[in-house]
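These are the residues of each chain, in order.
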Amino acid sequence: MAEVRLENVRKEFGGVVAVDDLSLTIADREFLTLVGPSGCGKSTTLRMICGLERTSGGEVFFDDQPVAHLPANKRDVAMVFQSYALYPHKTVAQNIGFALRMMRVPKAEIASRVDQVAASLGIENLLERKPKALSGGQRQRVALGRAVIRDAGAYLLDEPLSNLDAQLRVTMRAELKRLHADLRRTFIYVTHDQVEAMTMSDRIAVMKDGLVQQCASPEEIYARPANLFVASFMGSPPMNFLHGEVQREDGKLLFRHQGIAIELPDHASAAVDDLSGREAVLGIRPEDVLLGVENGTAAKIFVAELLGADVLVTVSLGEQLVKARVPAPYQVGVNAQVTVEFPAEKVHLFDPSDGRAVL
Ligand code: ATP
């Protein structure tokens, strides 16, 4: 069992607030990812959980027990670092088995557990090599093996895939998700890569400037981002944003941007009243933008980029560029006339004064 709970946790380095009043409960066996741009406090949060860093305030609990008094090696956690942190003079087998040797587990049992873990990670033929004779991906697997050989309540992973090439990252993403399913333990994962967060997690905590902006399932974060930051950080290609004003006209709720009127759904009524007379920001994901619809707004093709199964089409709508993701093939020339539509039920609306989503 390992439920990890952070209550009003805070960390300051000199005058720098790295983590600010963070409260979060990570359920037993959950895969929770802390995601956010560089410097937002992800690693510091993980280091406070595992005991490598003291908190400046607040409390960390494992299964309702405060752990502030426990050093890292007395907490029931195993950690995987971005740098792998392998012992260069030990073989792969010795690296993987190291924690068990420290625990004075009998040799024969260590050998059999090492074989088992190596097989599950597909590195059973590398056991006698030293780290310098391994590729980056193989080293990463050894680092994972070294962590998962221990039966820890929670596994903490700090950007474990960031040193791998793009293709290997995709493979390892799936393998980590599989490993989590097999081990059935709590995983707390740190990354700045929103795709990793989306693909692997049960829940994602999006961080910025030491604060959690939103913590929810990947589906929820994608469909209902809580604010402009989450909306812009999560999703690739990112959400389109248009600045304008909202108003009621002939019983309709409209968003107006440079002479273009975009209809809003009926349930936007309260949001429209709230933002009336002020600037508003409309957001729409590229896959929700419709092209070539009857009665749509006139626009021009700026550029079209083939992504494989889809085409990313950038259109200019007056001064504004808007990206639409449509199924391939989509062959139109640059500057061709096209119409665009933003379906009312797909648009998001934000209050730019504080970034909050109001629709
Ligand atoms: P990255 O993705 O770049 O690793 P991060 O989100 O993990 O970033 P942290 O490493 O947690 O961010 O750092 C958060 C803030 O705390 C940053 O401003 C960083 O400079 C500062 N910081 C972290 N560790 C220390 C330290 N030991 N001494 C002083 N400042 C620190």
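Model, not experiment: these values are computed from the prediction.

Undergrad: Now, about the overall build of the protein chain: what can you tell me, with residues and values included?
TA: Check the secondary structure of the protein chain and you find nine helices and 20 strands. Dimensions along the principal axes, computed over C-alpha positions, put the protein chain at roughly 80 × 45 × 35 Å. Each of the 359 residues in the protein chain was classed as buried or not, and the buried ones make up 38%. Considering only contacts within the protein chain whose residues lie at least 6 apart along the sequence, 64% involve residues at least 24 apart.

Undergrad: Pulling in residues and values, what's your account of the site of the ligand?
TA: All residues adjacent to the ligand are Phe13, Val16, Ala18, Gly36, Ser38, Gly39, Cys40, Gly41, Lys42, Ser43, Thr44 and His192. Where the shell around the ligand is concerned, the elements lending two or more residues are β2 (16-26) and α1 (42-50). Tallying contributions element by element places α1 first for the shell around the ligand, with three residues.

Undergrad: Explain the UniProt feature "domain: ABC transporter" (unreviewed entry) in the protein chain to me, using residue names and the numbers behind them.
TA: In the numbering adopted here, UniProt assigns the feature "domain: ABC transporter" (unreviewed entry) to residues 4-234. Secondary structure content for residues 4-234 is 37% helix and 26% strand, and the end C-alpha separation is 25 Å.

Undergrad: With reference to specific residues and values, describe helix α3 (residues 107-121).
TA: Every α-helix winds through 3.6 residues per turn, so residues three or four apart in the chain are directed the same way. Across its 15 residues, α3 extends 21 Å between first and last C-alpha, which sits within 8% of the 21 Å expected from 1.5 Å per residue. Buried within α3 we find Ile110, Val114, Val117 and Ala118. Down the axis of α3, the buried side of the element spans an arc of 100 degrees, and every buried residue falls inside it. Of the exposed residues in α3, the ones pointing more than 90 degrees away from its buried face are Ala108, Glu109, Ser112 and Ala119. If you follow the buried residues of α3, they end up packed against α2 (92-102) and α4 (136-148). Positive backbone phi, at 70 degrees, marks Gly122, one or two positions downstream of α3.

Undergrad: Describe the nonpolar core, listing the residues and the values that go with them.
TA: Ranked by internal contacts, the top residues of the largest apolar core, which has 95 residues, are Tyr155, Leu156, Ile188, Val206 and Leu282. Each of domain 1 (4-233) and domain 2 (240-350) contributes no fewer than three residues to this core. When sequence neighbours within four positions are dropped, the list of residues in contact with Leu156 reads Leu46, Ile49, Cys50, Val77, Met79 and Ile188.

Undergrad: Please set out the environment of Val326 residue by residue, giving values where relevant.
TA: Its place among the elements puts Val326 in strand β18 (residues 320-327). Between the C-alpha atom of Val326 and that of Val347, which follows or precedes it by 21 residues, the distance is 17 Å.

Undergrad: Run through the pairing of strand β10 (residues 211-216), naming residues and quoting values.
TA: Here strand β9 (residues 203-208) pairs with β10 via five bridges, running antiparallel. Looking at the pairing, Met207 lines up with Val212 of β10. Two successive antiparallel strands, β9 and β10, enclose a turn made up of two residues, where Asp209 displays a positive phi of approximately 50 degrees.

Undergrad: Talk me through the confidence of the model for the protein chain; I want residue IDs and the actual numbers.
TA: Mean pLDDT over the protein chain stands at 94; residues scoring 70 or higher make up 100%. As a predicted assembly, this complex carries a pTM of 0.93 together with an ipTM value of 0.97.

Undergrad: An account of the domain arrangement of the protein chain is requested, with residue identities and associated values reported.
TA: Domain annotation for the protein chain reports domain 1 (4-233) and domain 2 (240-350). Computed from C-alpha atoms alone, the centre-to-centre distance between domain 1 and domain 2 is 39 Å. Taken together, the four residues of domain 1 in the interface contact four residues of domain 2. Counted by class, the side of domain 1 that touches domain 2 contains three nonpolar, one polar and no charged residues.

Undergrad: Talk me through the packing of α3 against α4; I want residue IDs and the actual numbers.
TA: Any two packed helices are characterised by how steeply their axes cross, that is the angle between the axes, and by the distance between the axes. Packing of α3 against α4 leaves a shortest axis separation of 10 Å and a crossing angle of 135 degrees. The orientation of α3 with respect to α4, classified from their angle, is oblique. Every pair of crossing elements has a handedness; the one defined by α3 and α4 is right-handed. Across the interface between the two elements, Val117, Ala118 and Leu121 from α3 touch Arg141, Leu144, Gly145 and Val148 from α4. Looking at the contact of α3 with α4 residue by residue, the classes come out as five nonpolar, one polar and one charged.

Cut-offs used in this document
Residues numbered from 1 in each chain as written. Predicted model: local features only at pLDDT ≥ 70, side-chain atom pairs only at ≥ 80, totals over all residues. Helix = DSSP H or I, 4+ residues; strand = E, 2+ residues; numbered from the N terminus. Buried ≥ 20, exposed ≤ 12 C-beta atoms within 10 Å, placed from the backbone. Contact = placed C-beta atoms within 7 Å. Near = placed C-beta within 6 Å. UniProt positions renumbered as here; feature names shortened; annotations may be inferred. Expected span 1.5 Å × (residues − 1). Arc of directions from axis to C-beta. Core = buried A, V, L, I, M, F, W, Y, C linked by C-beta atoms within 7 Å. Domains from an automatic or database assignment. Pairing = 2+ DSSP bridges. pLDDT = per-residue confidence, 0-100. Nonpolar A, V, L, I, M, F, W, Y, C, P; charged D, E, K, R; others polar. Axes fitted to C-alpha atoms, helices over the stretch in contact; angles between N-to-C directions. Parallel < 35°, antiparallel > 145°, perpendicular 65-115°, else oblique. Left-handed = near helix turned anticlockwise from the far one by under 90°.

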